[in-house]
Amino acid sequence: MSMKDTIQARLEAALSPQQLDVRDDSHLHAGHAGARPGGESHFTVEIVADAFAGRSRVERHRLVNEALAQELAGPIHALVIRARAPGE
């Protein structure tokens, strides 16, 4: 399973999002710190979930980070998070 698929599966299981887009941006960081041969190190996540309603931006990011803790401790070097509640 690719890292993109792993990220998607973990976020779906943890947050049941209505909308989820996971993008591998590794090619944009080739040659930079943290970039790995073959990519799968830099990602952008755009997610809409009820779990974010009434929560601050920091709290939303914490929820995503908790769901991806294992990946963030290892293969993921950078993660851009755009987290919204439905209707935002």
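Going by the structure above, here's the rest.
A.B. asks: How would you summarise the sheet that holds strand β1 (residues 19–24) if you had to cite specific residues and measurements?
C.D. replies: If you trace the three strands from one edge of the open sheet to the other, you get β1-β2-β3, paired in mixed fashion. Edge positions in the sheet fall to β1 and β3 (78–84), since each of these pairs with one other strand and no more. Geometrically, the sheet is characterised by an average inter-axis angle of 10° between neighbouring strands, direction not taken into account. Along the sheet, helix α1 (residues 3–15) contacts β1 and β2 (42–48); its crossing angle with β2, the most-contacted strand, is approximately 30°.

A.B. asks: Kindly report on the environment of G87, identifying the contributing residues and their values.
C.D. replies: Among the secondary structure elements, G87 is positioned in the segment after β3. The class for G87 is exposed, based on a relative accessible area of 87%. C-alpha separation for the pair G87 and A53, spaced 34 residues apart in sequence, amounts to 9.6 Å.

A.B. asks: I'd like to hear about the pattern of salt bridges, residue by residue, with values.
C.D. replies: Under the defined criterion, the tally for this structure stands at six salt bridges. Of the charged contacts, one joins D21 and R23 as a salt bridge, the two residues approaching to 3.6 Å between their closest N and O atoms. Of the residues examined, D21 reaches a relative accessible area of 34% and is grouped as partly exposed. Within this structure, D21, R23, D25, E46 and R82 form a network of salt bridges that share partners.

A.B. asks: Can you tell me about the pairing of β2, naming the residues and giving the values?
C.D. replies: Burial analysis of β2 places six of its seven residues in the buried class, the great majority of the element. Across six bridges, β1 lies against β2 in antiparallel orientation. Residue pairing for β2: L20 is matched across the bridge by I47. Pairing between β2 and β3: seven bridges, direction parallel. Directly across from T44, in β3, lies its bridge partner V80.

Cut-offs and rules
- Residues numbered from 1 in each chain as written.
- Predicted model: local features only at pLDDT ≥ 70, side-chain atom pairs only at ≥ 80, totals over all residues.
- Heavy atoms only, no water.
- Pairing = 2+ DSSP bridges.
- Helix = DSSP H or I, 4+ residues; strand = E, 2+ residues; numbered from the N terminus.
- Axes fitted to C-alpha atoms, helices over the stretch in contact; angles between N-to-C directions.
- Contact = heavy atoms within 4.5 Å.
- Buried < 20%, exposed > 50% of the residue type's maximum accessible area, 1.4 Å probe, protein only.
- Salt bridge = Lys/Arg side-chain N within 4 Å of Asp/Glu carboxyl O.

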